[in-house]
Amino acid sequence: LNQTIPFPGKLKTKMRVASALAKISATDTETLTRQTIIIATYLFYKRYYLQESLKNNAVQRTFVRTIAQSEESRYKAGESQHHEWLLATAELGILEAEFLRIKREKAVLDATLNQYRNKSVETPIETLVIHFGFVPVSQDSENDVLKNQPEYKAYQAQLKAFESQRKLAKLLWAPDFMVQAM
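All of these numbers come straight from a predicted model, not from anything done at the bench.

Participant: Please clarify how a positive patch on the surface should be interpreted in this entry.
Facilitator: Together, Lys12, Arg16, Lys167 and Lys170 make up a positively charged patch on the protein surface. Mapped by element, the contributors of at least two residues to the positive patch are α1 (10-77) and α4 (150-172). Its location among the elements puts Lys12 in helix α1.

Encoded structure:
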């Protein structure tokens, strides 16, 4: 009969190391979840602002088109110089180019949002509506807010893991007890 009994404290220290490593993995998962939420929120608001930019661009193009038509009529009637009509036409061209750029950027953003939603890239996204309002600020101190961050929790777990690994390294030099009986 051979029986090895570990040196006192080795198993408990190994358990602490494993527990700390598991906590690190849990906080890493929490961090990735938070990052995904941040990216999705950014994409949502970016999509909203592009949607509103397209609306504003359409209004501006209508306004500049009206001015260009007015200046063209005034030029043909001999009431104004041709450069005012040309300036309005050039501005209309700039707005058209901006419209196409925003439309392309919105299409790319829609595809990315659909990937995050696990939908087909071509799936249309409905018109977004955001109601901005006052959100009361929490009375938590900055220190409490920092301690609730998953990155901070991961750092604390890493410190505990390193400390437990250091203790385990010190214990590993001690031989295990061996009991032999015949």
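That was the structure; now back to the text.
Participant: Any chance you could explain the environment of Phe44 here in plain terms?
Facilitator: Among the secondary structure elements, Phe44 is positioned in helix α1. For Phe44, a relative accessible area of 29% translates into the label partly exposed. A sequence separation of 65 residues divides Phe44 from Leu109, and the C-alpha atoms of the two residues are 8.9 Å apart. For Phe44, the contacting residues outside a window of four places in its chain are Leu113, Leu128 and Ile130.

Participant: Looking at this model, I keep getting lost on the pattern of salt bridges. Mind explaining?
Facilitator: Side chains that differ in sign of charge can pair as their charged atoms come close. Under the criterion given, the structure shown has 12 salt bridges. Here Arg65 and Glu96 are joined by a salt bridge, their closest N and O atoms 3.2 Å apart. With Arg65 in helix α1 and Glu96 in helix α2 (residues 82-116), the pair connects residues that are 31 residues apart, well separated along the chain. Classification of Glu96 as partly exposed rests on a relative accessible area of 28%. In the salt-bridge network here, residues are joined through shared partners; they are Lys46, Glu98, Arg101 and Glu105.

Thresholds, definitions, all that
Residues numbered from 1 in each chain as written. Predicted model: local features only at pLDDT ≥ 70, side-chain atom pairs only at ≥ 80, totals over all residues. Heavy atoms only, no water. Patch = residues over 30% accessible without salt bridge, like charges linked within 9 Å, V, L, I, M, F, W, Y side chains within 5 Å. Areas by Shrake-Rupley, 256 points an atom, 1.4 Å probe, with all protein chains shown as cover. Salt bridge = Lys/Arg side-chain N within 4 Å of Asp/Glu carboxyl O. Lys, Arg positive; Asp, Glu negative; His and termini not counted. Charge placed at Lys NZ, Arg CZ, Asp CG, Glu CD. Helix = DSSP H or I, 4+ residues; strand = E, 2+ residues; numbered from the N terminus. Buried < 20%, exposed > 50% of the residue type's maximum accessible area, 1.4 Å probe, protein only. Contact = heavy atoms within 4.5 Å.

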